[in-house]
Amino acid sequence: MLSRAVLPLLRPRPCRPLVAHALSPVRAYSRTQGIKGPDYKPPTNSQPESSKEPLRKVPLSPANPAAQDDQPLESPPFGVDPSRDLDDVSGSVSKATRRSMRDRQRQNAGARETQSEQETTDAQSEPELQPQNPLPDLRQGIPSTLDAELSRAEQSSQSHARKSSLNVTEEPDEPTPADEGDRGRGDIPRQQYVSSSDRKKNAAFRYMYIALGLGAVGYSVYLGRNWENEEEEKKHADAPSGWQLGLFWNRIQARLGSTMSYYRDPVTTKLLPDEDPDPNMRFPFTLVLSLEDMLVHSEWSREHGWRVAKRPGVDYFLRYLGSYYEIVLFTSQPMAVVEGLLRKLDPYSTIRWPLFREATVYKDGHHVKDLSYLNRDLKKVLIMDTDPNHVQNQPENAIILPKWKGDPNDQTLIQFIPFLEYLATMGFEDAREVLKSFEGKYIPAEFARREKLLREKFEKQEAEKRGHKSKKSLGSLASFLGLSKPHEEESLGEGKMLWDQIRERGQRQYMEFEKKIKEEGEKWLAERDAEEKRMQEEAMKNMKLGGWFSGVVGGGDKPAEKK
């Protein structure tokens, strides 16, 4: 690089051979003479002087080196002779290069010797291997490297108390800009230093925690106070008044429970209206049905979105049993989700009362369908569901079915009709006792087995009666008196079982209902839509300011009242 810097300063001149300059300090020797000194005389030659080329005078080193050292050499200043300057620069660069190469070779040799000595020392000492941590199980996922990074950062912060600057022009002891920002905090480390704003924030949080703690203590004392009157004390007999610690805690729990019951319990304690006072107008039993995976199945796909399928036989199941049971739909889904689906599932209102999530009890993370809120005698209530958690309060009233996943060949609902018809028409007092007799068994199959045995026994008895004596049946007498219909007379005359006759009557009722749907179904739907539209218009009218104000003051629309 130095030669490149010098070359532009030189004038362009033809290159001269550097051999003479390079060999100037070398002595010339001859076979017959010794070292040629300054008094050397060249031998004569027979050639004429005109034909000889002039010889260049080459400076020779003197015989005595000490004398040469005593006499300082006079060299021309830099820039007088460009060729000599270039030679001097080239020689200096070559010497510096050779010197650096020798130093590097010595360093490499020393490093190799040190490494060999270290290896020998390590082999002799043979330190014990440190136990390595087990490799992570990548089948459970890629582990986090946050802990390792934090530990490395902490070690580096401890080993380097102050960040070193990367600027090579700075002195090692010169403070860096990062250190200049730490002035004024003395010898406190960065981790322990807290600014004034941080101290204010910590103080504010401290006061807030103290206020929250005092508020919690005060609210607990307020909840644990004695009951204000005897009525409240009788209502909470397990937590009477008193200042013992246990009674104090019981009153706190009682009052908190009554506060949380707003979110946990149903909207009312009577989910269904009172029954008809006339026993002849009541249904013998109340059948509660679940919706999700019981009557319908919903699924979502990227291609079609949400789709809902109706279970095979659900129309026949509802319309056939609608004449025997007070059917209640009880779902754990919100009303806003189920209302539109229910209009399509049961357009002719065979389901008398729909109940939604707002009527459930939230318990242990599940929406429980508590039958005690139905305002019905639990002896006369039967529920069919697919989730045992929904009926955990009254499992003895429940029939748990497997979830329907959309199988188009499913016949479960149809198979349950004979058993439910038998239960509703045989005059049982407690449905729980009947269900207990089928505990642990598939009800349709077990009922069919029992029915077959009874039918065989009944047919055997009828055969014996016909063989011993023949007499007129009750059906013949009723026919003679004109109290029976022809088909009833034929049924009793043929010796049919009682539930066979009930089943035939149920089939006739179902056929009549289907006939009415075909004839007047559209009319019913039009009337329902008109009624809903009228109710919506009235609701919108009441939302207006005039209607609201007239309702508050007690006035009303006189034409509407006359109508």
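Quick caveat, the model's predicted, so the values are computed rather than measured.

Student: In this structure, what is going on with the sheet that holds strand β5 (residues 353-355)? I would like to understand it.
Tutor: Sheets are built from strands that pair by backbone hydrogen bonding, the pairs being arranged parallel or antiparallel. Strand order in the open sheet made by the five strands is β5-β4-β1-β8-β9, with parallel pairing throughout. Of all the strands in the sheet, the pair left with one neighbour each is β5 and β9 (398-400). Between one strand axis and the next, the sheet turns by 20° as a mean value, whatever way the strands run. Two elements, strand β1 (residues 285-289) and strand β8 (residues 381-385), share four bridges in a ladder whose sense is parallel. Across the sheet, residue Leu289 finds its bridge partner in β8, namely Met384. Packed onto the sheet, helix α12 (residues 412-425) meets β1, β4 (325-330), β8 and β9 and runs at close to 170° relative to β8.

Student: I would appreciate a short explanation of a nonpolar patch on the surface in the present structure.
Tutor: Residues Phe205, Met208, Tyr209 and Leu212 make up a contiguous nonpolar surface patch of roughly 440 Å² in combined accessible area. Inspection of the secondary structure assignment puts Phe205 in helix α7 (residues 196-223). Note on Phe205: relative accessible area 44%, which makes it partly exposed.

Student: Sorry, what's going on with the pattern of salt bridges here?
Tutor: Any two side chains of opposite charge can pair if their charged atoms end up close together. Applying the stated criterion across every chain, the model contains 24 salt bridges. Here Glu228 ties to Arg225 by a salt bridge, and the two come within 3.3 Å at their closest N and O atoms. Its relative accessible area of 22% is what places Arg225 among the partly exposed residues. A salt bridge links Glu275 to Arg376, with the nearest nitrogen and oxygen atoms 3.9 Å apart. Taken together, the positions of Glu275 in the loop between α9 (245-264) and β1 and Arg376 in the loop between β7 (366-368) and β8 put the pair 101 residues apart, joining distant regions of the chain. Salt bridges here are not isolated pairs; linked through shared partners, they connect Glu421, Glu451, Arg455, Asp500 and Arg503.

Student: Mind showing me how you'd approach the environment of Pro354 here?
Tutor: Examined against the element boundaries, Pro354 turns out to sit in strand β5. Separated by 83 residues in sequence, Pro354 and Leu271 place their C-alpha atoms 9.9 Å apart. Those residues within four positions of Pro354 in sequence are excluded, and the remaining contacts are Leu329 and Leu342.

Student: Just checking my understanding: could you explain the packing of aromatic side chains for this structure?
Tutor: Aromatic rings considered in pairs are described by the distance between their centres and by the relative angle of their planes. In this structure the tally under the stated criterion is 13 aromatic pairs. With a centroid separation of 6.1 Å and an interplanar angle of 45°, the aromatic rings of Tyr320 and Tyr324 are classed as tilted. For Tyr320, a relative accessible area of 2% corresponds to the buried category. Using a relative accessible area of 6% as the deciding quantity, one classes Tyr324 as buried. Between Phe416 and Tyr442 the ring centres are 6.2 Å apart and the planes differ by 85°, which places this aromatic pair in the edge-to-face class.

Student: What should I look at first to understand the pairing of strand β2 (residues 296-301) in this one?
Tutor: Regular strands have side chains that alternate between both faces of the sheet. With six bridges joining them, β2 and strand β3 (residues 305-310) adopt antiparallel strand pairing. Bridging from a neighbouring strand, Val296 pairs with Lys310 of β3. Linking β2 back to β3 in an antiparallel pair, the connection comprises three residues.

Student: I would appreciate a short explanation of helix α10 (residues 314-321) in the present structure.
Tutor: Since the α-helix packs 3.6 residues into each turn, any two residues three or four apart lie on the same face. Among the eight residues that make up α10, six are buried, leaving the element largely enclosed by the rest of the structure. Every buried residue of α10 is listed here: Val314, Phe317, Leu318, Arg319, Tyr320 and Leu321.

Student: So what exactly am I meant to see when it comes to the pairing of β8 here?
Tutor: Among the five residues that make up β8, five are buried, leaving the element largely enclosed by the rest of the structure. Covered by surrounding structure in β8 are Val381, Ile383 and Asp385 together with Leu382 and Met384, the residues of both alternating faces. Pairing of β8 with β9, which is carried by three bridges, proceeds in the parallel orientation. Opposite Ile383, over in β9, you have Ala398 as the bridge partner.

Student: How do you make sense of the packing of α7 against α9 when you look at a structure like this?
Tutor: The packing of two helices is summarised by the inter-axis angle and the distance between the axes. Close contact between α7 and α9 brings their axes to 8 Å; oriented N to C, the two are set at 95°. What the angle tells us is that α7 and α9 run roughly perpendicular. Mapping the contact onto sequence places Ser220, Val221 and Leu223 in α7 and Phe248, Arg251, Ile252, Arg255 and Leu256 in α9. Tallied by class, residues from the contact of α7 with α9 come to five nonpolar, one polar and two charged.

Student: Is there a simple way to think about the side chain of Glu326 in this case?
Tutor: Along the chain, Glu326 turns up in strand β4. A distance of 3.0 Å separates a polar atom in the side chain of Glu326 from a polar atom in the side chain of Thr286. A polar atom in the side chain of Glu326 sits 2.9 Å from the side chain of Arg376. Sequence-distant contacts of Glu326, defined by excluding residues within four places in its chain, comprise Phe283, Phe285, Thr286, Leu287, Arg352, Trp353 and Arg376.

Calculation rules
- Residues numbered from 1 in each chain as written.
- Predicted model: local features only at pLDDT ≥ 70, side-chain atom pairs only at ≥ 80, totals over all residues.
- Heavy atoms only, no water.
- Pairing = 2+ DSSP bridges.
- Helix = DSSP H or I, 4+ residues; strand = E, 2+ residues; numbered from the N terminus.
- Axes fitted to C-alpha atoms, helices over the stretch in contact; angles between N-to-C directions.
- Contact = heavy atoms within 4.5 Å.
- Patch = residues over 30% accessible without salt bridge, like charges linked within 9 Å, V, L, I, M, F, W, Y side chains within 5 Å.
- Areas by Shrake-Rupley, 256 points an atom, 1.4 Å probe, with all protein chains shown as cover.
- Salt bridge = Lys/Arg side-chain N within 4 Å of Asp/Glu carboxyl O.
- Buried < 20%, exposed > 50% of the residue type's maximum accessible area, 1.4 Å probe, protein only.
- Phe/Tyr/Trp six-rings, centres within 6.5 Å; stacked < 30°, edge-to-face > 60°.
- Parallel < 35°, antiparallel > 145°, perpendicular 65-115°, else oblique.
- Nonpolar A, V, L, I, M, F, W, Y, C, P; charged D, E, K, R; others polar.
- Polar contact = N/O pair within 3.5 Å; in protein donor to acceptor, adjacent residues only side chain to side chain.

Interpretation in functional terms is not warranted from these geometric data alone.
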